[in-house]
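Architecture and fold: a report
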Amino acid sequence: MTEEQRAKDLVRGFRANGHLADVAAATCPVHLAHPFETLDLAGYQGVMEALAIAFPDLERRVTIEIAGRDAAGQLWVGQCGYYCGLFAAPFVDIPPTGRMAAMRFHDFVRVEGARVVEMQSLWDLPELMLQAGAWPLAPSLGREWQVPGPATQDGRRVAGDGAAALAVVGDMLASLGNDPAGTPRAVMAQHWHEDCSWYGPSGIGTARGIDGFRRHHQAPFLEAMPDRRALVEAGHFFAEGDYVGFTAWPGMACTLTGGTWLGLPGAGQELAMRSLDFWRVDGGKIAENWVLVDLLHIYDQLGVDVLARMREVTG
């Protein structure tokens, strides 16, 4: 058995029984999306218990699972998918629907030996607000829907050397960094399939194709934050087969100086962004990209309490 498979089995085990403390180092930090922030093991267990009360038949459906070592030799397991079930009780004051609901997650777990030593996890809480009819944010430019797993339906059967896929994603990110004013379509076409799918979080939405990606995400983003700086050196890239994962806490720094990204006017605010990403590479180009951004954390840095606004909408 490979070390990647052993790490996956370790993560699957604690996910099945719900007790991270059984396999985690005592000092393991758990970095969650706003408003939870960084927790110890007991704090994380409390959040999961609250989620289980809100969804008494809670399921955690994984659509992609990969494992690999980053450039520093650290072993990571990445999973994405969604929590779902009957939304029966409030969760962080999001009103229950009494119906099936789903909330995307991206989880990155670092493993040393047979212990979990770090977790970084983003949950798409705005997606849950949208389903509850409690939307407090500006309309998304992209498509709001339940984001699917890979078109190839192989996200749970990933194996093999990921070096080629990692090189494709690395070259793409390098090309973005070399053009702070925005990457021309011709340059993007070198790295992305013409009909690629970019699956952003609720509040941004899904974009289809290179032109859709530029119109519905990239151009507004760069117009508002032309100085965005990817903190790649502080992040962790790893790959397996055709899939690549990236995590950093945070992964980008920028200044909101122009445009109206997310409906917010730029006034020179300094922002740090948390983003956990998965890419699928096909034939030397990127076919799909799953992206979760901690939007509530961004709004919090801008002095906007999204959960308070939501309570006003539903009050």
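Residues numbered from 1 in each chain as written. Predicted model: local features only at pLDDT ≥ 70, side-chain atom pairs only at ≥ 80, totals over all residues. Heavy atoms only, no water.

Observations regarding the overall build of the protein
Within the protein, the secondary structure is distributed over eight helices and 15 strands. The C-alpha radius of gyration of the protein comes to 19 Å, within 12% of the 20 Å expected for a compact globule of 315 residues. By principal-axis analysis of the C-alpha atoms, the protein measures approximately 55 × 50 × 35 Å. Of all 315 residues assigned to the protein, the portion counted as buried reaches 54%. Within the protein, counting contacts between residues at least 6 apart in sequence, those at least 24 apart form 66% of the total. In the protein, 25 side chains carry a positive charge and 38 a negative one; their mean positions are 4 Å apart. (Helix = DSSP H or I, 4+ residues; strand = E, 2+ residues; numbered from the N terminus. Rg over C-alpha atoms; globule rule 2.2 N^0.38 Å. Buried < 20%, exposed > 50% of the residue type's maximum accessible area, 1.4 Å probe, protein only. Contact = heavy atoms within 4.5 Å. Lys, Arg positive; Asp, Glu negative; His and termini not counted. Charge placed at Lys NZ, Arg CZ, Asp CG, Glu CD.)

Remarks on the pairing of strand β6 (residues 115–123)
Burial analysis of β6 places eight of its nine residues in the buried class, which makes it a mostly covered element. Bridging between strand β1 (residues 30–31) and β6 involves two bridges; their strand directions are parallel. Bridge assignment links His31 to a residue of β6, and that residue is Gln120. Joining the antiparallel neighbours strand β5 (residues 100–112) and β6 is a turn of two residues, in which Gly113 adopts a positive phi near 65 degrees. (Pairing = 2+ DSSP bridges.)

Comments concerning the sheet that holds strand β10 (residues 236–240)
The sheet built from six strands is open, its strands ordered β8-β7-β15-β14-β11-β10 with mixed pairing. The sheet terminates laterally at β8 (206–208) and β10, the two strands that pair on one side only. Across this sheet, the average inter-strand angle for adjacent strands is 15 degrees, counted without regard to direction. Note that strand β14 (residues 275–282) and strand β15 (residues 285–293) share eight bridges and pair antiparallel. Bridged to Leu276 within β15 is Leu292. Relative to strand β7 (residues 192–199), helix α6 (residues 209–224) is tilted by about 40 degrees, and along the sheet it contacts β7 and β8. (Axes fitted to C-alpha atoms, helices over the stretch in contact; angles between N-to-C directions.)

Re the sheet that holds β6
Taken in spatial order, the six strands make up an open sheet running β2-β1-β6-β5-β4-β3, and their pairing is mixed. Two strands in the sheet have a free side with no partner beyond their single neighbour: β2 (38–39) and β3 (59–69). As judged from the eight bridges shared by β5 and β6, these two strands associate in the antiparallel manner. By the bridge assignment for β6, Phe105 is matched with Trp123.

Re α6
Between its first and last C-alpha atoms α6 spans 22 Å; for 16 residues at 1.5 Å apiece the expected length is 22 Å, and the two agree. Of all the bends found along α6, the most pronounced is centred on Arg215 and spans about 45 degrees. Taken residue by residue, α6 has Gly209, Ile210, Gly212, Phe213, His217, Gln218, Pro220, Phe221, Leu222 and Ala224 as its buried positions. (Expected span 1.5 Å × (residues − 1). Bend = angle between axes of the 7 residues up to and from the residue.)

Considering the nonpolar core
Membership of the largest hydrophobic core comes to 82 residues, with the highest contact counts inside it found for Leu20, Trp123 and Trp261. The element contributing the most residues to this core is helix α2 (residues 41–54), with six residues. Discounting residues that sit within four places of it in the chain, Leu20 has contacts with Phe14, Val30, Leu41, Tyr44, Val116 and Met119. Of all hydrophobic cores here, the second largest spans 17 residues; its members include Ile64, Cys80, Leu122 and Trp249. (Core = buried A, V, L, I, M, F, W, Y, C linked by side-chain atoms within 4.5 Å.)

Section: unusual backbone geometry
Residue Pro35 is bonded to the preceding His34 through a cis peptide linkage, with omega at 15 degrees. With respect to the helices and strands, Pro35 occurs in the loop between β1 and β2. Of note, the amide linkage connecting Trp249 to Pro250 takes the cis form, showing an omega dihedral of 5 degrees. Positionally, Pro250 belongs in the loop between β11 (243–247) and β12 (252–256). With phi around 40 degrees, Val92 is a residue other than glycine that occupies positive phi space. Position of Val92 relative to the elements: it lies in the loop between β4 (75–86) and β5. Val92 sits in the partly exposed class, given a relative accessible area of 23%. Even without a glycine there, the phi angle at Leu262 is positive, about 60 degrees. Within the fold, Leu262 resides in the loop between β12 and β13 (269–273).

Quick word on the environment of Thr152
Position of Thr152 among the secondary structure elements: in the loop between α3 (125–131) and α4 (163–177). Under the relative-accessibility criterion, Thr152 is labelled partly exposed at 38%. Reaching out from Thr152, the side chain makes a polar contact with the side chain of Asp154 at a distance of 2.7 Å. (Polar contact = N/O pair within 3.5 Å; in protein donor to acceptor, adjacent residues only side chain to side chain.)

Quick look at the side chain of Gln120
Inspection of the secondary structure puts Gln120 in strand β6. One polar contact links Gln120 to Glu118, side chain to side chain, over a distance of 2.9 Å. Setting aside its immediate chain neighbours within four residues, Gln120 contacts His31, Trp76, His106, Asp107, Phe108, Thr247, Ala248, Trp249 and Leu276.

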